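Per-entry structural report
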2 protein chains.
Amino acid sequence: MELNEKQAAILEVAEKLFAENGFDGTSVRQIAREANINIAMISYYFGSKEKLLDALLYHRLAGFRHEMEKVMLDKGDHMHKVDRMVALIVTRIHRNRRAYKVVSFEYSNPSRQVSFENYIRRKKDNYSMIEKLIKSGQKAGVFSKKVNIPLLIPTILGTYFHFYNHRKFFEALHGLDGKQTVEDYVNTTLIRHIQQTVKALLTYEMPRGKSQIN
Amino acid sequence: MELNEKQAAILEVAEKLFAENGFDGTSVRQIAREANINIAMISYYFGSKEKLLDALLYHRLAGFRHEMEKVMLDKGDHMHKVDRMVALIVTRIHRNRRAYKVVSFEYSNPSRQVSFENYIRRKKDNYSMIEKLIKSGQKAGVFSKKVNIPLLIPTILGTYFHFYNHRKFFEALHGLDGKQTVEDYVNTTLIRHIQQTVKALLTYEMPRGKSQIN
DNA sequence: GAAAGTTAAACAATCGTTTAATTTAAACGA
DNA sequence: TCGTTTAAATTAAACGATTGTTTAACTTTC
C-alpha cells in the first residue's frame, strides 16, 4: 500500500502529535489543521482515527531483520558483534522514536482496538536474533551463562526510552542544551553506555584472560 | 492536606484508570461511575480534572529519601549497599507503578498544565544519593571509574518500566501466567537482573581479587 | 439552623464521523 | 483541440455523542 504526498503529510503530522500528546490527546481537527488539509480527508483516506493509527504503525515499524542478520554475519569476535547489535538497535529505535513511543503507550491500553500483531511478531524476531548471538557466545565460552537473556531487551530499550522521555531532566543534570546536543549525546555517550552495560553483564563473573575463540 | 474516605476512593479509581487508559483517555464520568460517586463530587473535592491529577501525584509520590538514607548507613560493603539500593528503588517504583506510569507519560506532554516540580525535585534528590554511594565506592577502589553515573537511572528504571509495560510480551516469552506470577517475577528475577546489571557495570574492567575496603 | 455533602440536570464546547455539493483531473472519441 | 464523461479529490456544514464543568435544589450532619 503506497502513500501519496498528502497521505504522507497526514501521517507525518499525526505521528508528531500522537507522540507528543498521546492518541486520545490529539484530535483529528488538530491533525487536519497542522497538515493543512480538510478534516474529511482523514476519513476519506484512512477510514477513521484508529485506522490512521494502524496505518502509521504499519508504515513506520517496517522490519529491520535484514540489518540484524548482516551484523550476525559480520567478521570480528562476539564482543564486537554485540557492540554492533546494540548500536543498531538503539540507532533504529532512536530514528523511529515517536512511532515506538506511541506503540509502547497504546500497546497496554485495553480500550485501543489496534492490531499490534506486526509489532509483536517483529519483537519476537528481533529477540530470537539476540538470543542466537548470546548463546553462540556462551558456547564459545566468551559470555557468562548467568545472564537472563530475555531481560536484555528491557535493559537496552528501557535505558534508551527512559533517557529520552526524561531528556529534559538529564539536560539539566548534564548541562546539555539544544536539540543537536541531545542527538549527539544519544549517538555517542548513550550508545556507549548501553554497549558497556550489555558487555559487562555478559562477562560478569567470567574468568579473565581466557583465549577467545571466535 | 488530609483525604477523607470518599476522596481516597476517587484517587484510587483515578489512578487505576489514568494508568490504564491515560489521562486524556479517561473521562470524569468513568471515574465517578467506578468510584460510585456523583460526577459533581470530583469538582467539589478537587476543583477540576487536572487538579485531580495534581492531587494524585502529590499523594502518591511522597518521598522515600529516608529509606535511601537508611541504606547508606547500612553495614556491609559497597556491593551490598548497591544491591539494597537497587532493590529499594525497584520495589518502591513497582508498588507505585501506576502513579509513575502516569507521570512518565504526562511529564513530556506539553499541553498538560500540571506541576511536576515535586517529581523533579525528588528525582534529583534520589540521584544525588546514588551518586554519593557510587563515588564513595570509586574512592575505595571497589567500583570502576568508567561508569556514567547519571545513566544508571535510565538503566535501573528503564529496565523495570520496559519490562512491566511489555509484561504481556514477556509472559508469552517466559510462559508465565496470572498476576501473582508477574509479581513474583519482579520481586525475584527482575530485581536480581537489575542488581546484576548495575554491579557488572560498576566492576567492568576492574582488577579482580582486590581486597575490598569497606 | 448553618455548613457540608450529594444529587440530577443543564451548560457550552469539542469530539469523530458523515453528508451532499462542488472542484479538479484524467480519459475519451471526434 | 474540442466538449463530454467519469472518477477522484476537496470542501463546508451538519450529525449525534461525549467532554469537563456548573447550577440550583435537596439531604445529611453537627
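The rules behind each value
Residues numbered from 1 in each chain as written. Chains lettered and ligands numbered in written order. Predicted model: local features only at pLDDT ≥ 70, side-chain atom pairs only at ≥ 80, totals over all residues. Heavy atoms only, no water. Helix = DSSP H or I, 4+ residues; strand = E, 2+ residues; numbered from the N terminus. Polar contact = N/O pair within 3.5 Å; in protein donor to acceptor, adjacent residues only side chain to side chain. Salt bridge = Lys/Arg side-chain N within 4 Å of Asp/Glu carboxyl O. Buried < 20%, exposed > 50% of the residue type's maximum accessible area, 1.4 Å probe, protein only. Least-squares fit on C-alpha atoms with pLDDT ≥ 70 in both. Near = heavy atom within 4 Å. Nonpolar A, V, L, I, M, F, W, Y, C, P; charged D, E, K, R; others polar. UniProt positions renumbered as here; feature names shortened; annotations may be inferred. Contact = heavy atoms within 4.5 Å. Phe/Tyr/Trp six-rings, centres within 6.5 Å; stacked < 30°, edge-to-face > 60°.

1. So, the environment of B:Ser104
Residues and elements named next belong to chain B. Positionally, Ser 104 belongs in helix α7 (residues 97-106). Spatially, the C-alpha atom of Ser 104 lies 10.0 Å from that of Tyr 119, the residues being 15 residues apart in sequence. Here the side chain of Ser 104 touches Lys 101 through a polar contact of 3.2 Å, landing on its backbone oxygen.

2. Here we look at the pattern of salt bridges
All names here are of chain A. Counted under the stated rule, the structure contains 26 salt bridges over all chains. The shortest N-O distance in the salt bridge between Asp 125 and Arg 65 comes to 2.7 Å. Of the two residues, Asp 125 sits in helix α8 (residues 117-139) while Arg 65 sits in helix α5 (residues 65-72), which places them 60 residues apart along the sequence. Judged by relative accessible area, which is 26%, Asp 125 ranks as partly exposed.

3. Considerations on the relation of the copies chain A and chain B
After a rotation of 180° and a shift along the axis of 0.0 Å, chain A superposes on chain B with an RMSD of 0.1 Å. Look at the turn and shift together and you get a two-fold axis relating the two. Across chain A, the rotation axis passes nearest the C-alpha of A:Gly158, at a separation of 1.9 Å.

4. Here's the deal with the protein's contact with DNA strand D
In the region of DNA strand D, 16 residues are neighbours, and A:Lys6, A:Tyr44, B:Val28, B:Arg29 and B:Lys49 sit closest. Within the backbone of A:Asn38, a nitrogen or oxygen atom sits 3.4 Å from a phosphate oxygen of DNA strand D. B:Arg29 places a side-chain nitrogen or oxygen 2.8 Å from a base nitrogen of DNA strand D. Residue assignment for the surface near DNA strand D shows that the elements contributing at least two residues are α3 (40-46) of chain A together with α2 (28-35) and α3 (40-46) of chain B. With four residues, α3(A) is the single largest residue contributor to the surface near DNA strand D. Looking at the surface near DNA strand D residue by residue, the classes come out as seven nonpolar, five polar and four charged.

5. Here we look at the protein's contact with DNA strand C
With respect to spatial proximity, 16 residues lie near DNA strand C, and among them A:Val28, A:Arg29, A:Lys49, B:Lys6 and B:Tyr44 are the closest. Here DNA strand C approaches the protein such that, of its atoms within 4 Å, sugar and phosphate make up 46%. For DNA strand C, a phosphate oxygen lies 2.9 Å from a polar atom in the side chain of B:Lys6. With respect to DNA strand C, the side chain of B:Tyr44 contributes an N or O atom lying 2.9 Å from a phosphate oxygen. Where the surface near DNA strand C is concerned, the elements lending two or more residues are α2 (28-34) and α3 of chain A together with α3 of chain B. Per-element accounting of the surface near DNA strand C gives the leading share, four residues, to α3(B).

6. Re the UniProt feature "domain: HTH tetR-type" (unreviewed entry) in chain A
Residues given the UniProt feature "domain: HTH tetR-type" (unreviewed entry) here are residues 4-64 of chain A. Between the first and last C-alpha atoms of residues 4-64 of chain A the distance is 23 Å; the span itself is 70% helix and 0% strand.

7. Examining the interface of chain A and chain B
If you look at the interface, chain A gives 54 residues, while chain B gives 54 residues. Here chain A is connected to chain B by zero salt bridges. If you look at where chain A meets chain B, you find 10 residue pairs in polar contact (both at pLDDT 80 or more). Looking at the side of chain A that touches chain B, the elements with two or more residues in it are α1 (5-21), α7 (97-106), α8, α9 (152-165), α10 (167-174) and α11 (179-203) of chain A.

8. Brief notes about the UniProt feature "DNA-binding region" (unreviewed entry) in chain A
Mapped onto the present numbering, the UniProt feature "DNA-binding region" (unreviewed entry) falls at residues 27-46 of chain A. Its end C-alpha atoms 15 Å apart, residues 27-46 of chain A is made of 70% helix and 0% strand.

9. Here's the deal with the packing of aromatic side chains
Scanning the entire structure with this criterion turns up 19 aromatic pairs over all chains. Summarising the aromatic geometry, the rings of A:Tyr107 and A:Tyr119 are spaced 5.9 Å apart at their centres and angled 65° between planes, so their arrangement reads as edge-to-face. Pair noted here: A:Tyr107 is in the loop between α7 and α8 and A:Tyr119 is in helix α8, with a separation of 12 residues, a long-range link. Ring plane angle 85° and centroid distance 5.2 Å describe the contact between B:Phe169 and B:Phe170, whose orientation is recorded as edge-to-face. B:Phe170 shares its class with B:Phe169; the two are buried. In this structure an aromatic cluster arises from ring pairing among A:Phe163, A:Phe169, A:Phe170 and A:Tyr185.

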